[in-house]
Amino acid sequence: MIRVSVVGAKGRMGGHVVEAVRGAADMELALALDAGDDLTLISPENTDVVVEFTVPSASLGNVLALVAQGVDVVVGTTGWTEERLEQVRQAIAAGPRPGGQKVFVAPNFAISAVLADHFAVQAAKYFESAEVIEMHHPDKVDAPSGTALHTARAIAAARRAAGMGPMPDATQTDGGSRGQVVDGVHVHAVRLRGLNAHEEVLLGNAGEQLVIRADSFDRGSFMPGVLLAVRRLAADAPAGLTVGLDSFLDL
Ligand code: NAP
């Protein structure tokens, strides 16, 4: 049995993780902690892997403390920069199991979204045009979504690597309807009551279109990815810091 502790357990994501761990035949819930609780309760004596879903302002401090306490950590909280990730690498090197500890950070745990990105990158060099449409619930505060930005940048990089130039577009007047241009890729954001998180990548050639679409209907969509990461950390994941669920999808 993999002993899993959850930090941020009373939050929306943390609550789902607690239920997912309880429902997994190969896991048992060790500690479920939230704001104000004592993180030092978590140790290798009671926990194999910690899952951290809190707030960006608290996450780095939590992860550094957990690394210092010698436990492996799966992190879902957003707001990670290269500078913050570097602090985690240094903490692992200085930790109680130098070089042996595992921290995994994923900006997106939805397997469908991660695969959509991967397939879009594979397809990009075969199509003259590519555009991204992301669709979310109207309570989302940022547009376009971080995932759509990532998809657009990845498509742009794949096109550059293939030596492709700008996409055809005769638009002279726009007024904003052509979306945000990210590295030359147009990204469109829809906000609609009833939606959750959805993304389409449209790839076009003369006479043909490929559509890659990922739909996340509710927070349960993240749990298979979270449990996969927990299992990989408890088993064969490499020591050190790993970023991105694609690392665990045998792509
Ligand atoms: P949430 O409902 O606000 O939950 C956050 C929880 O963390 C709250 O219970 C909060 O307590 C608690 N908390 C705050 N500071 C803490 C600390 N220092 N130590 C322990 N617990 C603390 O937020 P959410 O919707 O679950 O989202 C959590 C994070 O996950 C966000 O950054 C979100 O963007 C991210 N997220 C990531 C993915 C992904 O796939 N990677 C998917 C969805 C969401 P209080 O309310 O008492 O402050």
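Procedures and definitions
Note on numbering: residues in each chain are counted from 1, in written sequence order. Confidence filtering applies because this is a predicted model: local features only for residues at pLDDT of at least 70, side-chain atom pairs given and counted only at 80 or more, and all residues used for totals across whole chains, interfaces and linings. Computation of side-chain values: all heavy atoms of the structure, hydrogens and water removed. Relative accessibility decides the category of a residue: with a 1.4 Å probe and only protein chains considered, values under 20% of the type maximum give buried, values over 50% give exposed, and everything between is partly exposed. Helix numbers and strand numbers start at the N terminus; a helix is a DSSP run of H or I with at least 4 residues, a strand a run of E with at least 2. For crossovers, right-handed means that the path from the first strand over the helix to the second runs clockwise, given strands pointing away from the viewer. DSSP bridges decide pairing: two strands pair if at least two such bridges lie between them. Fitted lines through C-alpha atoms give the axes, limited to the stretch in contact for helices. The angle between two N-to-C directions lies from 0 to 180 degrees. The contact definition used throughout considers only heavy atoms, calling two residues in contact when any of these lie within 4.5 Å. Side-chain atoms within 4.5 Å are what join buried Ala, Val, Leu, Ile, Met, Phe, Trp, Tyr and Cys residues into a set we call a nonpolar core. UniProt positions are given in the numbering used here, feature names are shortened, and annotations may be inferred rather than shown by experiment. Nitrogen and oxygen atoms within 3.5 Å of one another constitute a polar contact, given that in protein one can donate a hydrogen and the other can accept it, and given that sequence-neighbouring residues count only through two side-chain atoms.

Observations regarding the pairing of strand 1 (residues 2-7)
Point 1. Within strand 1, five of the six residues are buried, leaving the element largely enclosed by the surrounding structure.
Point 2. With respect to chirality, the unit in which strand 1 leads through helix 1 (residues 12-23) into the neighbouring parallel strand 2 (residues 27-33) is right-handed.

Regarding the sheet that holds strand 11 (residues 240-243)
Point 1. Reading across from one edge, 2-1-3-4-5-11 is the order of the six strands in this open sheet, with parallel pairing throughout. Looking along the sheet, the strands with just one partner apiece sit at the ends: strand 2 and strand 11. Across the sheet, the axes of successive neighbouring strands diverge by a mean angle of 20 degrees, strand direction being ignored.
Point 2. Alignment of strand 5 (residues 102-105) against strand 11, held across four bridges, turns out to be parallel. In the strand pairing of strand 11, F104 is matched with T242.
Point 3. Docked against the sheet, helix 1 engages strand 1, strand 2 and strand 3 (49-52), running at close to 155 degrees with respect to strand 2.
Point 4. Helix 3 (residues 82-94) rests against strand 5 and strand 11 of the sheet, and its axis sits at about 150 degrees to strand 11.

Comments concerning the nonpolar core
Point 1. Counting 29 residues, the largest nonpolar core has V17, M27, V51, V74, F104, F109 and V230 as the members making the most contacts within it.
Point 2. Elements represented by at least two residues in this core include exactly strand 1, helix 1, strand 3 and helix 6 (223-234).
Point 3. Here this core gets six residues from one element, more than from any other, and that element is helix 6.
Point 4. Excluding anything up to four places from it in sequence, V74 contacts V49, V50, V51, E52, F104, F109, A229, V230 and L233.
Point 5. If you look at the next biggest cluster of nonpolar residues, it comprises 21 residues, including A120, A152, A156 and A214.

Some thoughts on the UniProt feature "active site" (unreviewed entry) in the protein chain
Point 1. Summarizing the sequence annotation, UniProt attributes the feature "active site" (unreviewed entry) to H136 and K140 in the numbering used throughout.
Point 2. One can find H136 in strand 6 (residues 129-136).
Point 3. Ignoring anything within four residues of it in the chain, the contact list for H136 reads S145, V190, R191, L192, L195, N196, A197 and H198.
Point 4. Within polar-contact distance, the side chain of H136 engages the side chain of E134 at 2.7 Å.

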